[in-house]
Amino acid sequence: MLKCRNVRGLIAASLYGEVDEREREALEAHLSACARCRAEHEALGRLKAALAGGAPELDRDLVPVLRARLAEETGGRRQETGGRRQETGGRRQETGGRMEWLGWRVQLAGALCLALVALLVYQIAVSTDAGRPSDTAAAPTEAASALQPALQQAAQLSAGRDFAGAYAALKEAVEAHPDDGLAGQAQARLADVAFAELHWYREAYEDYRTLAGRYPGVYANSPECIERMDLLAEAREKDYDPLYRLDAARGSREEAFGKFEGVIALYPGTYTAALAAEEMARCVVREGAVAEGAEARLVAMGQAKERCTHPIAITQLQLEIAHLHRDLEHNGTARDLYQEVADSDTMVLANLARESLAKLPRNSAP
Amino acid sequence: MVGRSVLEEKDWAALDDQDLALALKRGGLGARAAFEELVRRHQGRVYAVAYRLTGNREDALDVTQEALLKAYRKIDAWRPTGQFVPWLLRVTTNLGIDHLRKRKRRPRERLDEAHLPETERAAVEPTSLDTGRQVRALEIAARIRTALVVLSEKQRAVFVLRHYEGLPLADVATEMGCTVGSVKVHLFRALKKLQKELADLYEN
């Protein structure tokens, strides 16, 4: 029979119904023979019953609050690191590594490809006020808003694919009624149209800046806006050339792969380069060469790398693959790959790889 | 479809917690959206743990927010070999206990009725018809919170995750990186300590 000290864990587990048949029999045999443990079992049972108790339900959604807090943090971090940017010249070193920055990046691939879906949402938002929250607590109702006709007109123009017309209508209306309850939403939409439909990146950058400055509540509540702003701010340093090249690569069906490679070779270590690498893996996926899942993503990125010819693109994809291995906890493989990138000639990528190496757990399984 | 979470149109709501947590950990495109979906799913549960530890809505909301933000910032510390939710709840438990400790170090706030949180004040000034039962429940809840501080970190984590969160002991063991056998022993010791601390409350 089990000794008393060996029964304690079973007593606790049995109170929560977590003993199997064999354990239950052993416990019962012990309890029937040991008055002290039996009393213990009963007393703890009473305790457990007394400890029962519910908690009230959460009466709000914390997503907007957390979003705003995270937006505040990155705003602060960007200011803090402004000085370092000039010293290092490297885009991602500023804030201490890829993970941190990528977390904030726009879901550009999806955003651009889903322009039509966005348009639909846009129209629904206009008709139901289900879009971004207004900046003012007591926002006027739609009927009372001076911007409502402009929003409707813009929706109609967008539906007819006259995005330039929609942009102009929204711009004019917001400038005429900057304090209207719907002005923040209209500003966000015109920036979105400039970015995703018209690909007027210069205008989009200014429009998102206006949004952040004049309607901070709307801005902070939209991760897309924040991420697009980050992407635009980076591309702006090169006069938006990275984004135009990315667009051109997306538009060229036959030579897309090579063009994405070219974007990476020109701008290694940037958001745009990481987006281009994702697009290259996407090319492989489209050809139906791989299946679903994290491991398969690794395969796709690997195949994309095999097809690369430019040494910088190869190194960038090597880095992406190392990240994937790290995420799958293949730390030994990740370490080897990072080391290769760290030894490469592309300074910005080598630095990123060293940062990742430093963060990799030491006692890791291969 | 490869890398659905990154490369393609994403239906975050269709992914399971583990996939979302991986997308967050990967830090790639959409990490933020994955995080938000995880928040939507689990904020209520995190709040419940925080509430049981802090005993009032205001502090529980603070702890909930801090726990979720910590999960976002420290996702590198989560190991995909374990489940995400137990890890998140453990982060919450630790923050809740820190919060209790800080409160304990400020005894005046606890003694001064004017500063008592809503629920504890209610225990002093019952107003509803169901007062007897309510007051007793509040009293027990407050006593449990005090008693939880006495437990070791492991005992507390095991107790909160199993007793309040209903996580199977096997999951608790995975989360804590120990055997189910030792989790059972931690649970037993936690119950014994609580029994000692709270004997006067429930034995009468």
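Residues numbered from 1 in each chain as written. Chains lettered and ligands numbered in written order. Predicted model: local features only at pLDDT ≥ 70, side-chain atom pairs only at ≥ 80, totals over all residues. Heavy atoms only, no water.

Turning to the overall build of chain B, a few remarks are in order. Per the secondary structure count, chain B includes 11 helices and 0 strands. Along chain B, from the amino end to the carboxyl end, the secondary structure elements read α-α-α-α-α-α-α-α-α-α-α. Every one of the 204 residues in chain B was classed for burial, and the buried ones make up 55%. Counting every atom, chain B has about 9000 Å² of accessible surface; 50% of that belongs to carbon and sulfur. (Helix = DSSP H or I, 4+ residues; strand = E, 2+ residues; numbered from the N terminus. Buried < 20%, exposed > 50% of the residue type's maximum accessible area, 1.4 Å probe, protein only. Areas by Shrake-Rupley, 256 points an atom, 1.4 Å probe, with all protein chains shown as cover.)

This part takes up the overall build of chain A. Counting its regular elements, chain A contains 21 helices and 0 strands. In chain A, once contacts between residues fewer than 6 apart in sequence are set aside, the share between residues at least 24 apart is 61%. Here chain A has roughly 16800 Å² of accessible surface; of this, 51% comes from carbon and sulfur atoms. (Contact = heavy atoms within 4.5 Å.)

Another point: the packing of aromatic side chains. Summed over the entire model, instances satisfying the criterion amount to 9 aromatic pairs over all chains. Residues Phe159(B) and Tyr164(B) carry aromatic rings whose centres are separated by 5.7 Å and whose planes lie at 80° to one another, so their mutual orientation is edge-to-face. Here Phe159(B) and Tyr164(B) have matching classes, each one buried. Taken together through their ring pairs, the aromatic side chains of Phe195(A), Tyr201(A), Tyr208(A) and Tyr244(A) make up a single cluster. For the cation-ring pair, Lys48(A) lies above Tyr16(A), with the distance from its terminal atom to the ring centre recorded as 4.8 Å. Over the ring of Phe257(A) we find Arg307(A); its NZ or CZ atom is 4.3 Å from the centre of that ring. (Phe/Tyr/Trp six-rings, centres within 6.5 Å; stacked < 30°, edge-to-face > 60°. Lys NZ or Arg CZ within 6 Å of the ring centre and 35° of its normal.)

Attention shifts here to the environment of Leu22(B). You can see Leu22(B) is positioned in helix α2 (residues 17–26). Remark: the alpha-carbon pair of Leu22(B) and Ala34(B), spanning 12 residues in sequence, is separated by 8.8 Å.

Residue and element names in this part refer to chain A. Tracing the backbone through its elements, the reader meets Arg-38 in helix α3 (residues 35–51). Assessed through its relative accessible area of 33%, Arg-38 is described here as partly exposed. A C-alpha to C-alpha distance of 9.2 Å links Arg-38 and Glu-28, two positions 10 residues apart in sequence. Apart from the residues lying within four places of it in its own chain, the contact partners of Arg-38 are Leu-31, Ser-32 and Ala-33.

For the rest of this paragraph, the subject is the packing of helix α19 (residues 311–327) of chain A against α2(B). Two elements in contact, α19(A) and α2(B), have axes separated by 10 Å at closest approach and are oriented at 135°. Comparing their axes, α2(B) and α19(A) come out oblique. The handedness of the crossing between α19(A) and α2(B) is right-handed. The residues of α2(B) that touch α19(A), namely those facing Leu324(A), Arg326(A) and Asp327(A), are Leu22(B), Lys25(B) and Arg26(B). Split by residue class, the contact of α19(A) with α2(B) holds 2 nonpolar, no polar and 4 charged. (Axes fitted to C-alpha atoms, helices over the stretch in contact; angles between N-to-C directions. Parallel < 35°, antiparallel > 145°, perpendicular 65-115°, else oblique. Left-handed = near helix turned anticlockwise from the far one by under 90°. Nonpolar A, V, L, I, M, F, W, Y, C, P; charged D, E, K, R; others polar.)

As a further point, take the pattern of salt bridges. Counted by the stated rule, this structure contains 23 salt bridges over all chains. The residue Glu23(A) makes a salt bridge to Lys184(B) at a minimum N-O spacing of 3.1 Å. Here Glu23(A), found in helix α2 (residues 21–33), pairs with Lys184(B), found in helix α11 (residues 180–202), and the two come from separate chains. Residues participating in the shared-partner salt-bridge network are Arg67(A), Asp17(B), Glu36(B), Glu37(B), Arg40(B) and Arg41(B). (Salt bridge = Lys/Arg side-chain N within 4 Å of Asp/Glu carboxyl O.)

Looking at chain A, pLDDT values average 76 and 76% of them are 70 or higher. Confidence drops under pLDDT 50 across residues 76–143 of chain A; counting only partners more than four residues distant or on other chains, this segment forms 154 contacts. (pLDDT = per-residue confidence, 0-100.)

Residues and elements named next belong to chain A. The terminal C-alpha atoms of α19 lie 24 Å apart, and with 17 residues this matches the ideal 24 Å at 1.5 Å per residue to within 8%. Burial of α19 is extensive: 15 of the 17 residues sit out of reach of the surface. Count one or two residues on from α19 and you reach Glu-329, which has phi positive near 65°. (Expected span 1.5 Å × (residues − 1).)

Quick look at α2(A) now. Over its 13 residues, α2(A) extends 19 Å from the first C-alpha to the last, a length consistent with the 18 Å expected when each residue adds 1.5 Å. The residue sitting at the N-terminus of α2(A) and contributing the capping side-chain oxygen is Asp20(A); that oxygen lies 3.2 Å from the backbone nitrogen of Arg22(A). (Polar contact = N/O pair within 3.5 Å; in protein donor to acceptor, adjacent residues only side chain to side chain.)

Let us now look at the nonpolar core. With 82 residues, the main nonpolar core has Phe84(B), Phe159(B) and Leu191(B) as its most contacted residues. For this core, the element with the most residues is helix α3 (residues 31–54) of chain B, which contributes 12 residues. Among the nonpolar cores identified, the runner-up in size contains 80 residues, and Ala150(A), Ile264(A), Ala273(A) and Leu317(A) belong to it. (Core = buried A, V, L, I, M, F, W, Y, C linked by side-chain atoms within 4.5 Å.)

Side chains of Lys3(A), Arg5(A), Arg8(A), Arg36(A), Arg189(B), Lys193(B) and Lys196(B) sit close together on the surface and give a patch of like positive charge. Elements that contribute at least two residues to the positive patch include exactly α1 (4–15) of chain A together with α11 of chain B. Here the positive patch gets 3 residues from one element, more than from any other, and that element is α11(B). Structurally, the position occupied by Arg36(A) is in helix α3. (Patch = residues over 30% accessible without salt bridge, like charges linked within 9 Å, V, L, I, M, F, W, Y side chains within 5 Å. Lys, Arg positive; Asp, Glu negative; His and termini not counted. Charge placed at Lys NZ, Arg CZ, Asp CG, Glu CD.)

Moving on to unusual backbone geometry. Keep in mind that most residues, glycine aside, have a negative phi and that most peptide bonds are trans. Residues and elements named next belong to chain A. Positive phi, normally seen in glycine, also occurs at Tyr-240, with a value near 65°. With respect to the helices, strands and loops of the structure, Tyr-240 is situated in the loop between α14 (223–236) and α15 (241–251). Given a relative accessible area of 2%, Tyr-240 falls into the buried group. Despite not being glycine, Glu-329 shows a phi value in the positive range, around 65°.

The next subject is the side chain of Gln318(A). Residues and elements named next belong to chain A. Within the secondary structure, Gln-318 sits in helix α19. For Gln-318, a relative accessible area of 6% translates into the label buried. Only 2.6 Å separates the side chain of Gln-318 from the side chain of Glu-340, close enough to count as a polar contact. In contact with Gln-318, other than residues within four places in its own chain, are Lys-305, Leu-337, Glu-340 and Val-341.

All names here are of chain B. The predicted model of chain B has a mean per-residue pLDDT of 77, with 75% of residues at 70 or higher. Averaged over each element, pLDDT in chain B is lowest for helix α1 (residues 4–7) (34) and highest for helix α4 (residues 57–73) (92). Predicted confidence for residues 1–9 stays below pLDDT 50, and this span has 39 contacts to residues more than four positions away or in other chains. Note that pLDDT drops below 50 for residues 107–129; the model gives that stretch 27 contacts with residues more than four away or on any other chain. If you check the scores for this complex, the pTM reads 0.44 and the ipTM reads 0.72.

On to the packing of helix α10 (residues 163–176) of chain A against helix α11 (residues 183–198) of chain A. Residues and elements named next belong to chain A. Direction vectors running N to C along α10 and α11 enclose 155°, while the axes themselves pass 9 Å from each other. By the angle between their directions, the pair α10 and α11 is classed as roughly antiparallel. As for the relative orientation of α10 and α11, their crossing is left-handed in sense. Touching Phe-163, Ala-164, Tyr-167, Leu-170, Lys-171 and Val-174 of α10 are Ala-183, Ala-186, Gln-187, Arg-189, Leu-190, Val-193, Ala-194, Glu-197 and Leu-198, all from α11. Taken together, the residues that form the contact of α10 with α11 break down as 11 nonpolar, 1 polar and 3 charged.

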